[in-house]
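For reference, the chains in residue letters:
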Amino acid sequence: MDLNNRNDEIIETDLLIIGGGTAGCLAAVEAKEKNPALSVTIMEKAHIDRSGCLAGGMNAINAYLNPGETAESFVKYVRFDSCGLIREDLVQSMAELFEYSVKKVEKWGLPILSDEKGNYLPRGRWNIKINGESLKPIIAKAAKQSGAKILNWVTATNLLRKGNRIHGAVGFSVRHGRMYVVKAKATLIATGGAAGIYKPNNMHDAQHKTWYSPFNNGAGYAIGIRAGAEMTSFEMRYVALRTKDAIAPTGTIALGVNAPQVNAKGEKFMQTKYAHLGGDGAPTPYRAYGPIMEIKEGRGPVYLDTRHINEKQASDLKAAFLDMYPSQVLYWTANDIDPSKEPVEVQTTEPYIVGGHCQGGYWIDVNRRTTLEGLYAAGDVAGGAPFKFVSGCWAEAVIAARDAVASMSQTPSEEIDSKTIDEEAKRIYQPLLNYRHKPAQGVLPYDMEVRLQKIMDEYAGGFSTYYEMNEESLLIARKQLAKIPGQFEYLIANDLHQLMKAHEIIDRVDVARVLVEHLLYRKETRWPSYQTRMDYPDRDDENWLKFVNSRMNPETGKIEMLTRPYEQLIAGDRYKPRG
Amino acid sequence: MPVYVNPNICNGCHGATQPPCIRMCPGDLIVKDPLVDKAYLKYPEDCWDCLPCVKSCPVEAIEFYLSYQMGFKNASLKPHIPATRDHIIWESIDSRGKKETFTIRTKVLDIEIDEKVEGSTPVDFSI
């Protein structure tokens with residue numbers, strides 16, 4: 001391998017979409033429909049047929065306006081669920097496109113459960129049931145048929161930046177190793193959020209039995225952080241309540257068969273202790289915080305009580321998991337558990353950064369433009385609009401694509417100097433060269449990942465410390481994390497898969513450093529469990545009803561913190577679901 | 001081990017360079033052993049149990065297990081996709097041998113056996 005004699009793949013395109021998941025594919029289709037003459041390129045780390053969070057399938061659309069609901073009522077609910085602080089403009093604009101997006105994907109072949117009159121079957125206020133095992137290949141097929149160019153197995157490593165404008169991205173192929181330089185007039189990041197920042201629940205050969213796709217490593221955030229994009233609300237981490245060990249979704253049980261949470265004494269603690277917040281319908285952070293406190297205070301384990309269901313319902317429950325999470329069914333059979341006879345044990349997972357459930361991500365405007373010119377963000381990677389789930393990611397993709405298409409002609413294309421490309425090539429391939437020349441002095445990507453996860457778990461509010469943190473522990477996390485980038489030069493990779501893993505950990509460290517700054521900055525506890533500050537245990541609307549944002553200065557590498565005001569657009573009590 | 005490619009059943013999709021199991025793994029975890037032309041899970045610790053590899057294998061050569069730390073042996077769960085490709089039959093057997101089957105409506109798209117990798121001539125990255 002000769003870094004000075006490379007044979008880079010140079011591609012010029014109008015719209016580059018980084019990430020061929022649910023948002024990326026929808027954006028490609030929308031852009032091509034709006035302007036078929038436009039060239040659209042998707043850069044995808046895996047193969048778009050089965051990549052990212054939806055590789056295994058999905059059994060519900062969790063954000064949809066069922067009869068009687070409106071975009072305004074949705075904003076009110078999401079505002080309540082996120083403890084009073086959201087970007088209402090973003091949430092409202094995506095809700096207005098739920099129906100458009102869902103109907104579109106149904107037209108492509110997604111089976112949605114409906115009654116004899118053709119009305120979708122609701123499951124709660126915002127959910128509809130689907131048979132979405134093949135959701136991802138169905139969406140990928142539409143993207144391919146739209147005429148977009150698909151670069152499978154090309155992992156993005158950095159954006160091409162000149163001043164405050166983005167001109168595309170660089171990546172490398174995990175199949176044949178070549179570097180890709182994709183020059184674009186507009187770039188949309190749709191890579192998904194970040195898993196693997198904290199120590200996972202399970203170890204050994206089940207370490208990736210996690211709530212979120214372990215292949216979503218936060219690359220989409222990291223490339224923007226390094227380019228100087230403004231990020232928001234990383235401190236609103238997501239801690240999922242899941243079934244014990246199998247880490248399967250609890251909504252399927254809680255909403256599917258109306259199972260309440262109970263502690264080891266059989267007490268319905270959500271209904272008593274959290275009655276003032278809505279009991280089992282309390283904001284999502286409290287539905288994780290409640291069981292954490294029961295376990296911490298000695299009343300665990302905690303269960304979803306399914307003992308009222310009959311055999312038929314238990315069978316239906318298993319069928320619902322088979323659309324999305326088959327290993328839960330195997331877990332029950334391998335442990336002789338019958339959910340109609342004994343309650344289902346639940347636990348909370350390690351924290352994740354994900355803009356689809358919570359709101360950590362790029363700071364964007366209502367058109368999904370980031371603070372860098374020519375750069376858009378949609379889906380899990382976009383901040384400020386929680387409760388997106390699948391359909392919200394589709395809606396954001398549609399909004400971003402429409403704006404990118406409409407403003408495309410005014411965008412000039414820029415040459416990127418070869419020095420920048422050469423430097424990136426050196427950064428990309430360094431771990432391979434290290435393996436060749438100094439393997440004994442090297443650090444394996446896995447070892448660096450474990451080191452990062454240990455620091456985050458112990459000092460920045462992980463599973464083992466009940467997600468709690470204070471100023472002092474966070475300062476230790478900051479100090480230890482600051483040393484890791486200086487160690488990137490020791491990373492070793494003996495093949496292209498390992499090279500991808502090396503860049504995954506580099507990205508995770510950059511995300512973690514920004515996360516810790518956010519956790520340090522917000523001096524209140526707004527989302528217990530997601531963000532439990534023991535030294536500031538209460539919510540403080542007077543000082544902290546605002547967004548905590550950050551920007552890494554690309555010249556100095558320093559992370560600068562700032563705040564942005566909250567704007568209430570929909571009237572009503574921000575702490576009530578229908579207020 | 002979460003998934004296991006049974007070498008007695010895997011036929012390597014008859015020399016395919018990118019058979020469905022390798023293409024469908026979102027984590028790039030399955031590779032082919034060129035000496036015997038069979039696929040295997042190279043990085044079991046990174047498996048997410050998402051199962052597209054299991055469902056896309058044309059000869060049902062990939063079996064799905066729970067890690068032993070999570071469940072006792074002999075329970076199994078197997079999907080079968082009929083030629084109509086409009087449903088999946090899941091066969092669940094518990095550790096005592098009790099069988100349960102589930103028919104789940106879906107739309108399973110056809111998958112080509114092989115697919116050429118995008119991009120031109122491979123670069124030599126041998127080290």
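In what follows, the structure referred to is the one given above.
Residues numbered from 1 in each chain as written. Chains lettered and ligands numbered in written order. Predicted model: local features only at pLDDT ≥ 70, side-chain atom pairs only at ≥ 80, totals over all residues. Heavy atoms only, no water.

Draft legend 1. Inspection of the overall build of chain B at higher detail. When its secondary structure is counted, chain B shows two helices and seven strands. Order of helices (α) and strands (β) in chain B, N terminus to C terminus: β-α-β-β-α-β-β-β-β. Counting over 127 residues, chain B shows a buried share of 47%. If you take every contact in chain B between residues at least 6 apart in sequence, the share linking residues at least 24 apart comes to 46%. One finds the centroid of the 14 positive side-chain charges in chain B at a distance of 7 Å from the centroid of its 18 negative side-chain charges. (Helix = DSSP H or I, 4+ residues; strand = E, 2+ residues; numbered from the N terminus. Buried < 20%, exposed > 50% of the residue type's maximum accessible area, 1.4 Å probe, protein only. Contact = heavy atoms within 4.5 Å. Lys, Arg positive; Asp, Glu negative; His and termini not counted. Charge placed at Lys NZ, Arg CZ, Asp CG, Glu CD.)

Draft legend 2. Structural view of the interface of chain B and chain A. Contact residues are listed per partner, giving 60 residues for chain B and 71 residues for chain A. Across the chain B-chain A interface, the total number found is seven salt bridges. Asp 495 of chain A is the partner of Lys 42 of chain B in a salt bridge, and the nearest nitrogen-oxygen pair spans 3.2 Å. Residue classes in the side of chain B that touches chain A are distributed as 33 nonpolar, twelve polar and 15 charged. (Salt bridge = Lys/Arg side-chain N within 4 Å of Asp/Glu carboxyl O. Nonpolar A, V, L, I, M, F, W, Y, C, P; charged D, E, K, R; others polar.)

Draft legend 3. Quick peek at the sheet that holds strand β12 (residues 302-304) of chain A. Residues and elements named next belong to chain A. Ordered in space as β10-β13-β12-β11, the four strands form an open sheet in which the pairing is antiparallel. Edge positions in the open sheet fall to β10 (241-243) and β11 (261-262), since each of these has one partner strand only. Here β12 pairs with strand β13 (residues 344-348) via three bridges, running antiparallel. Paired with Leu 304 across the two strands is Val 344, which belongs to β13. (Pairing = 2+ DSSP bridges.)

Draft legend 4. Structural detail: a nonpolar patch on the surface. Residues and elements named next belong to chain A. There is a patch of nonpolar side chains on the surface, built from Leu 444, Tyr 446 and Val 450 and spanning about 260 Å² of accessible area. One can find Tyr 446 in helix α14 (residues 445-459). Take Tyr 446: its relative accessible area is 44%, and that puts it in the partly exposed class. (Patch = residues over 30% accessible without salt bridge, like charges linked within 9 Å, V, L, I, M, F, W, Y side chains within 5 Å. Areas by Shrake-Rupley, 256 points an atom, 1.4 Å probe, with all protein chains shown as cover.)

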